[in-house]
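A look at the structure
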Amino acid sequence: MTDVADRATAGFRREFGAPPAGQWAAPGRVNLIGEHTDYNDGFVLPFALPLRTVAAADRQEGARWTVWSELSGETIDFGADEVDEPGRVAGWGAYVAGVVWALREAGHDVPGARLAITSDVPLGAGLSSSAALEAAVLTALVDLGGLDLPAERQPRLAQRAENHYVGAPTGIMDQSASIRCRDGHALFLDCRSEGVEHIPFDLRGAGLAMLVVDSHAPHRHADGEYAARRKSCEAGAERLGVPALRDVTVDQLDTALARLDDPETRRRVRHVVTEDQRVLDTVALLRAGRVREIGPLLTASHVSMRDDFEITVPEIDTAVEAALAAGALGARMTGGGFGGCVLALVEADAADPVADAVTAAYAEQGFRAPDHLTVLPAPGAV
Ligand code: ADP
């Protein structure tokens, strides 16, 4: 298949009969560590993938947006009336209309545009294809219209598109990662202050690689389970008298747990508090250039998600166990859970054998064969 950027330009020419004015690209992401900490005002540490969504675009007259997506094979068209009423544009077009809506709502004079969208971020695998789509469209519209919207304010706007227009209650991580990540770095994001720091993550220099395994596990009851976890965390914070679980440190954990009667809430709180600390510990190791030492933290994060937060599924646990047995330095589920992807930190020359071991373990269990790719931290939206 030709390159994703070439396909966007070719698609634009075919759909609209002219060359685009330019191209804007935004990546998918994985979260290195820090799961379900975002809505507890805590810490996350995503990095961008070398998989991108590309928008080839040009302005058009009036307040009209015409959008072709290679993945859906359709062209949709909407005007200001439809945009101004969240819900009027449904399906994948809602991610695009949502960005236009959020920009207009923030008072920007959004240019009418024609866009051709291509992507090599797999949809619904937990790699944030939706944030990549929002970020690609947002950067295209900001540049085409010469809008005054610096990169640090863009994630909040894309998140509003997803929360209020699409109707998905996501945090700020995915959009921040897609827009703000840097090549060779992970993005340390404080979800309370929204402050970010770029942390060097030199896998190649350490002789390592990151294997991403798409488990293909169907997302079983993910929405309901997600809501239930949020509720438990809120209940825990309320019982402990803190604004959010971020305000409990690991030193205070035993005392805090002793104040919680419900064993399930205790487990949920323990995951969040220890996970925040694991993010801080990972950042400290990466800052010191001790990349290979983060392996045990990744694995500890997985165990916590499996036993305390109870958000893993058999396919995911199988992938983690098989990767570790085949020599991975650490492995964990990444993303919200109940499916999605597994990360395995491996010696650079061990990526294929570890991937083969996971595939063999899947075959043994009768699971659908997983997909995998080896990645290095890539740049954010351009
Ligand atoms: P993910 O983890 O991949 O973000 P979601 O279920 O949150 O999973 O978002 C996936 C949805 O985003 C798709 O079902 C589709 O509606 C939309 N989407 C993402 N990328 C594209 C694209 N390139 N073309 C059309 N729709 C897309």
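In what follows, the structure referred to is the one given above.
Below, the structure is looked at part by part. Because the structure is predicted, anything quoted here is derived from the model rather than measured.

About the thresholds
Residues numbered from 1 in each chain as written. Predicted model: local features only at pLDDT ≥ 70, side-chain atom pairs only at ≥ 80, totals over all residues. Heavy atoms only, no water. Pairing = 2+ DSSP bridges. Helix = DSSP H or I, 4+ residues; strand = E, 2+ residues; numbered from the N terminus. Contact = heavy atoms within 4.5 Å. Axes fitted to C-alpha atoms, helices over the stretch in contact; angles between N-to-C directions. Parallel < 35°, antiparallel > 145°, perpendicular 65-115°, else oblique. Nonpolar A, V, L, I, M, F, W, Y, C, P; charged D, E, K, R; others polar. Expected span 1.5 Å × (residues − 1). Buried < 20%, exposed > 50% of the residue type's maximum accessible area, 1.4 Å probe, protein only.

1. Some remarks on the sheet that holds strand S8 (residues 196-200)
The strand order across the open sheet formed by 3 strands is S2-S7-S8, and the pairing between neighbours is antiparallel. Because the sheet does not close on itself, it has two edges, and the strands there are strand S2 (43-44) and S8. Of the pairings in the sheet, the one linking S2 to strand S7 (residues 185-190) comprises 2 bridges and is antiparallel in character. From the neighbouring strand, Val44 faces S7, where its bridge partner is Leu189. Sheet contacts for helix H9 (residues 263-287): S2, S7 and S8; angle to S8, the most-contacted strand, approximately 50 degrees.

2. Re the packing of helix H7 (residues 222-240) against H9
One way to put it is that H7 packs onto H9 with a least axis distance of 9 Å and a crossing angle of 90 degrees. Viewed along their axes, H7 and H9 adopt a mutual orientation that is roughly perpendicular. Contact residues: H7 offers Arg229, Ser232, Cys233, Gly236 and Leu240, while H9 offers Glu264, Thr265, Arg268, Val269 and Val272. Residues that form the contact of H7 with H9 fall into these classes: 4 nonpolar, 3 polar and 3 charged.

3. Topic: helix H4 (residues 129-145)
A turn of α-helix holds 3.6 residues, and therefore any two residues three or four places apart point the same way. Helix length check: H4 (17 residues) gives 24 Å between terminal C-alpha atoms against 24 Å at 1.5 Å per residue, within 8%. Taken across its 17 residues, H4 has 15 buried, putting it largely inside the fold. Within two residues after H4, Gly146 carries a phi angle of roughly 55 degrees, on the positive side.

4. Points about the sheet that holds strand S5 (residues 74-79)
Ordered in space as S1-S3-S6-S4-S5, the 5 strands form an open sheet in which the pairing is mixed. Single-partner strands in this sheet number two, and they are strand S1 (22-31) and S5. Averaged over neighbouring strand pairs, the angle between their axes works out to 25 degrees when direction is ignored. Two strands pair when backbone bridges link them, and S1 and strand S3 (residues 46-59) are joined in this way by 9 bridges, in the antiparallel orientation. Following the sheet pairing, Ala26 is matched in S3 by Thr53. Packing against the sheet, helix H3 (residues 93-105) makes contact with strand S4 (64-69) and S5, and its axis sits at approximately 25 degrees to S5. Lying on the sheet, H4 is in contact with S1, S3, S4 and strand S6 (113-119); it crosses S3 at an angle near 45 degrees.

5. Points about the pairing of strand S9 (residues 208-214)
Taken across its 7 residues, S9 has 7 buried, putting it largely inside the fold. Residues Leu208, Met210, Val212 and Asp214 of S9 are buried on one face, and the alternating residues Ala209, Leu211 and Val213, pointing to the opposite face, are buried as well. Relative to strand S11 (residues 341-347), S9 runs antiparallel, the two being bridged by 7 bridges. Looking at S11, one finds that Val212 is bridged to Leu343. In the sheet, S9 pairs with strand S12 (residues 371-375) via 5 bridges, with the strands oriented antiparallel. The partner of Val212 across the bridge, within S12, is Leu373.

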